[in-house]
Amino acid sequence: MSDYQYIITEEEGPVGIVWLNRPKVLNALNRAMVREILQAFEAYGQDDRIRVILIAGKGKAFAAGADIDEMAEEDSVSLELLNQFADWDRIGQIKKPIIGSVHGYCLGGGFELALLCDLLFAANDAKFAFPEINLAVMPGAGGTQRLTKLLGKTKALEWIWSGDMISAEEAFSSGIVNKLYPAEAIFEEALKFAKKLAEKPPLAVRLIKEAVNKAVDYPLQEGMYFERKNFYLLFSSQDQKEGMKAFMEKRKPDFKGY
C-alpha cells in the first residue's frame, strides 16, 4: 500500500498496481493526482522486482476526465507557466509495459491516460469519449495525436468533434481495446495477463515496446534499422542465453532481466 493522497499502490508479485482513488468524483484527474501517477510509475520503473505496471480505477469509473474546477479560470499564459502536460509526457516515457483495466466512464483526460497504456482491457460497461468540444476546448494531453494514430484521421475527427460516448464494443472493434470482459471480472483478467507478461524476459519486453512505438512514428526502413539494433542487442543478454538453452533442454527458462 502507499501514502499517496489520490492513488493507491500495491504489488501482486512482479506486478505493480496503481489504483486511481477519487471515487466520489469518478476519479477526475487533477494535477496533483497526475503527478502521483507519474511518481508511482517512475518508482515502479526503477524497481527491479516489478516487471509490469497495471492501472485501474476505484469505484464506478476508470476516470471521468480532468478536474474542470481546477482549470476553469486558467488562461494560456498560466497554463504555459504551469507546463501543464510535462508530467503526461514523462508518463509516456515509462519503459516497462503498462496495462490499463478500464470500467465505467473513461472520458477526456481519463481517455488520454488510457491511451498512454500499452494494452487496454475493458469491461463491457466501459464508455469512452472526448467531450472537450462541449466545453469549447480540445484534448491537450495527446488525445488528438494518439487517437488519430490508432483510428486514422476521419474516425478520430468523428469521435473528437462529436464528443459522443463510444461503447466498449466499438472501442474494441476499432482496435482501442484489446479484450472485453464482464465488469465483475475485468480487473482479475487484466491482472492475470499482467502476471503472464511478467514471466517473459524483461529486457526483451522493454526493447519490443521501444521498437513497436518507433514503428508508429518512423518510416518503415528506419523502423527496420531500429528493430535490428534491438534484436542484436538482446544477444548480449544473459536471458537470451538462458532462453535458448532452456528451449534446447526442454525446460522452463529462469529469466533474470539482464
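Note that the structure is predicted; figures quoted are calculated from it, not measured.

### Focus on the side chain of Glu36
Item 1. Within the secondary structure, Glu36 is located in helix α1 (residues 31-46).
Item 2. We note that Glu36 is buried and unpaired, the nearest opposite charge coming from Arg22 at a distance of 8.8 Å.
Item 3. With sequence-adjacent residues up to four places away left out, Glu36 is seen in contact with Tyr4, Gln5, Tyr6 and Ile7.

### Brief notes about the sheet that holds strand β3 (residues 52-57)
Item 1. Across the sheet, six strands lie side by side as β1-β2-β3-β4-β6-β9; this open sheet has mixed pairing. The outermost strands of the open sheet, each flanked by one partner alone, are β1 (7-12) and β9 (179-181). Mean inter-strand twist for the sheet, computed between neighbouring axes without regard to direction, equals 20°.
Item 2. Bridging between strand β2 (residues 15-20) and β3 involves six bridges; their strand directions are parallel. Counterpart to Gly16 in the pairing with β3 is Ile53.
Item 3. The sheet contacts of α1 involve β1, β2, β3 and β4 (98-102), and relative to β1 the element is tilted by about 20°.

### Notes on helix α10 (residues 202-217)
Item 1. Counted at 1.5 Å a residue, the expected span for α10 with its 16 residues is 22 Å, and the 24 Å between its end C-alpha atoms agrees.
Item 2. Along α10, the residues that are buried comprise Ala204, Val205, Leu207, Lys209 and Ala211.
Item 3. Tucked inside the fold, the buried residues of α10 contact β4, α9 (186-198) and α11 (220-234).

Thresholds applied
- Residues numbered from 1 in each chain as written.
- Predicted model: local features only at pLDDT ≥ 70, side-chain atom pairs only at ≥ 80, totals over all residues.
- Heavy atoms only, no water.
- Helix = DSSP H or I, 4+ residues; strand = E, 2+ residues; numbered from the N terminus.
- Buried < 20%, exposed > 50% of the residue type's maximum accessible area, 1.4 Å probe, protein only.
- Lys, Arg positive; Asp, Glu negative; His and termini not counted.
- Salt bridge = Lys/Arg side-chain N within 4 Å of Asp/Glu carboxyl O.
- Contact = heavy atoms within 4.5 Å.
- Pairing = 2+ DSSP bridges.
- Axes fitted to C-alpha atoms, helices over the stretch in contact; angles between N-to-C directions.
- Expected span 1.5 Å × (residues − 1).

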